[in-house]
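Summary of the model geometry
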Amino acid sequence: VGGGPTGVELAGTIAEIASHALTHEFRSIDPKRTHVTLIEGGPRVLAAYPEDLSRSAEEQLRRLGVEVRTNEIVTKVEPGIIHIGETTVAASVILWAAGVAASPLGKKLGVPVDRAGRVHVQPDLTLAGRPEVFVIGDLAALNDESGKPLPGVAPVAIQEGQFVARTIKGDIAGKPRKKFKYFDKGSLATIGRAAAVADFGRIHISGFFAWISWLFVHIFFLIGFRNRLLVMIQWAWSYFTYQRGARLITGDTTLSGWT
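A short tour of the structure in this document, coming up.

Once that is clear, we can look at the overall build of the chain. Along the backbone of the chain there are five helices and twelve strands. A buried classification covers 30% of the 259 residues belonging to the chain. Summarising the internal contacts of the chain: among those between residues at least 6 apart in sequence, 48% fall at separations of at least 24. Only carbon and sulfur atoms are counted for the fraction: they give 59% of the accessible area of the chain, which is about 17,500 Å².

Below, the discussion takes up the packing of aromatic side chains. Aromatic ring pairs are reported here in terms of the distance separating the ring centres and the angle at which the planes meet. Applying the stated rule across the entire model yields three aromatic pairs. Look at Phe-163 and Phe-180: their rings are 5.4 Å apart centre to centre, the planes differ by 70 degrees, and that puts the pair in the edge-to-face class. Of this pair, Phe-163 sits in helix H3 (residues 154–172) while Phe-180 sits in the loop between H3 and strand S10 (187–192), and the two are 17 residues apart along the sequence. Classification of Phe-163 by relative accessible area gives buried; the value is 6%. Judged by centre distance (5.7 Å) and plane angle (75 degrees), the rings of Phe-208 and Phe-209 are edge-to-face. Put simply, the rings of Phe-208, Phe-209 and Trp-211 pair up and form one aromatic cluster.

This brings us to the environment of Arg-202. You can see Arg-202 is positioned in the loop between strand S11 (195–200) and strand S12 (203–206). Exposure remark for Arg-202: the relative accessible area of 88% places this residue in the exposed category. With 16 residues separating them along the chain, Arg-202 and Gly-186 place their C-alpha atoms 9.9 Å apart.

The subject of this paragraph is the sheet that holds S12. Paired through their backbone hydrogen bonds, the strands of a sheet run either parallel or antiparallel. On the basis of which strands lie adjacent, the open sheet formed by three strands has the order S10-S11-S12 and antiparallel pairing. Every interior strand has two partners, whereas the edge strands, S10 and S12, have only one. Taken over all neighbouring pairs, the strand axes of this sheet differ in orientation by 5 degrees on average, direction set aside. Note: S10 against S11, five bridges, orientation antiparallel. Within S11, the position partnered with Ala-189 by the bridge is Val-197. Sheet strands in contact with helix H2 (residues 51–63) are S10, S11 and S12, and its direction is about 170 degrees off that of S11.

Turning our attention to the nonpolar core. Nonpolar side chains in soluble globular proteins generally cluster together in the buried interior. Counting residues in each nonpolar core, the largest one holds 17 residues, and the members touching the most others are Val-8, Leu-38, Leu-46, Leu-61, Val-66, Ile-191 and Val-197. Of all the secondary structure elements, the ones that give two or more residues to this core are helix H1 (5–25), strand S1 (36–39), H2, strand S2 (66–69), S10 and S11. With residues near it in sequence (within four places) discarded, Val-8 still touches Gly-2, Gly-3, Leu-38, Val-45, Leu-46, Leu-61, Thr-190 and Ile-191.

Next up on the list: the sheet that holds strand S4 (residues 81–84). On the basis of which strands lie adjacent, the open sheet formed by three strands has the order S3-S4-S5 and antiparallel pairing. Lying at the two open borders of the sheet, with one neighbouring strand each, are strand S3 (76–78) and strand S5 (87–90). Across the sheet, the mean angle from the axis of one strand to that of its neighbour is 20 degrees, orientation sign disregarded. By the bridge criterion, three bridges tie S3 to S4 in an arrangement that is antiparallel.

Now for a positive patch on the surface. On the surface, Arg-166, Lys-169, Lys-175 and Lys-178 cluster together to form a positively charged patch. Relative to the elements of secondary structure, Arg-166 occurs in helix H3.

Glancing now at a nonpolar patch on the surface. On the surface, Leu-10, Ile-14, Val-93 and Leu-95 cluster together into a nonpolar patch covering about 320 Å² of accessible area. By relative accessible area, which is 32% here, Ile-14 ends up partly exposed.

This paragraph deals with the side chain of His-83. With respect to the helices, strands and loops of the structure, His-83 is situated in strand S4. Those residues in contact with His-83 that lie beyond four places of it in its chain are Ile-73, Val-74, Thr-75, Lys-76, Glu-78 and Thr-88.

Helix length check: helix H4 (residues 208–220), at 13 residues, gives a terminal C-alpha distance of 18 Å against a target of 18 Å (1.5 Å per residue), a fit within 8%. Turning to H4, its buried residues are Ala-210, Trp-211, Trp-214, Leu-215 and Ile-219.

Reading guide: rules and limits
Residues numbered from 1 in each chain as written. Predicted model: local features only at pLDDT ≥ 70, side-chain atom pairs only at ≥ 80, totals over all residues. Heavy atoms only, no water. Helix = DSSP H or I, 4+ residues; strand = E, 2+ residues; numbered from the N terminus. Buried < 20%, exposed > 50% of the residue type's maximum accessible area, 1.4 Å probe, protein only. Contact = heavy atoms within 4.5 Å. Areas by Shrake-Rupley, 256 points an atom, 1.4 Å probe, with all protein chains shown as cover. Phe/Tyr/Trp six-rings, centres within 6.5 Å; stacked < 30°, edge-to-face > 60°. Pairing = 2+ DSSP bridges. Axes fitted to C-alpha atoms, helices over the stretch in contact; angles between N-to-C directions. Core = buried A, V, L, I, M, F, W, Y, C linked by side-chain atoms within 4.5 Å. Patch = residues over 30% accessible without salt bridge, like charges linked within 9 Å, V, L, I, M, F, W, Y side chains within 5 Å. Salt bridge = Lys/Arg side-chain N within 4 Å of Asp/Glu carboxyl O. Lys, Arg positive; Asp, Glu negative; His and termini not counted. Charge placed at Lys NZ, Arg CZ, Asp CG, Glu CD. Expected span 1.5 Å × (residues − 1).

Next comes the structure, spelled out in structure tokens:
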């Protein structure tokens, strides 16, 4: 449930596991019986991305065998059942990726909050009338220069933390405060094997080349050459062999005659 980057990646990954890992390693499971459905309340998946990338992401999901259902709001979730208005959908596994509420601390500050409980902050990331109180990260609600809400992702929180540190240092030195400006380095969303979308401002990439960009960006931000090399080798091995590093054994594993 939820067509954001997390929901799209989950749906694509599960579909790939069903079509590859289950086929070769679990003889008692019929992968053809697997049905993956991605439910999004808005008109398109990856709503924060440009429309062309959203369409490409949906097409790539469908090629992986994922059923994409948009404009459908989940009203209730029960064990094995999802309620969409007056209709119900049976599901053996339900994964929620439609977002979560912010910390209840925000509502205790006595200032306006949005529907998710995030605090509306001033351009310098402070509370209205309380310049000594900063709110950043997932608890802060702020729009960029174009009026678009800043996404709740790590790059935003990191830049906000750095801005607040500079602001406090400037206060000590008696310098005037500045407005926070988020520098968007681009957005990447992986969908599955050789499937992804990338938004680098005016440059939009989808498919294999977007997936390669996603790999190199993640490897680049790892600390140390050794870590980068090991991760690159492991990913290359997984890509060419279709093998995964995790194996799960569930159920009763007690051996007969042992206590």
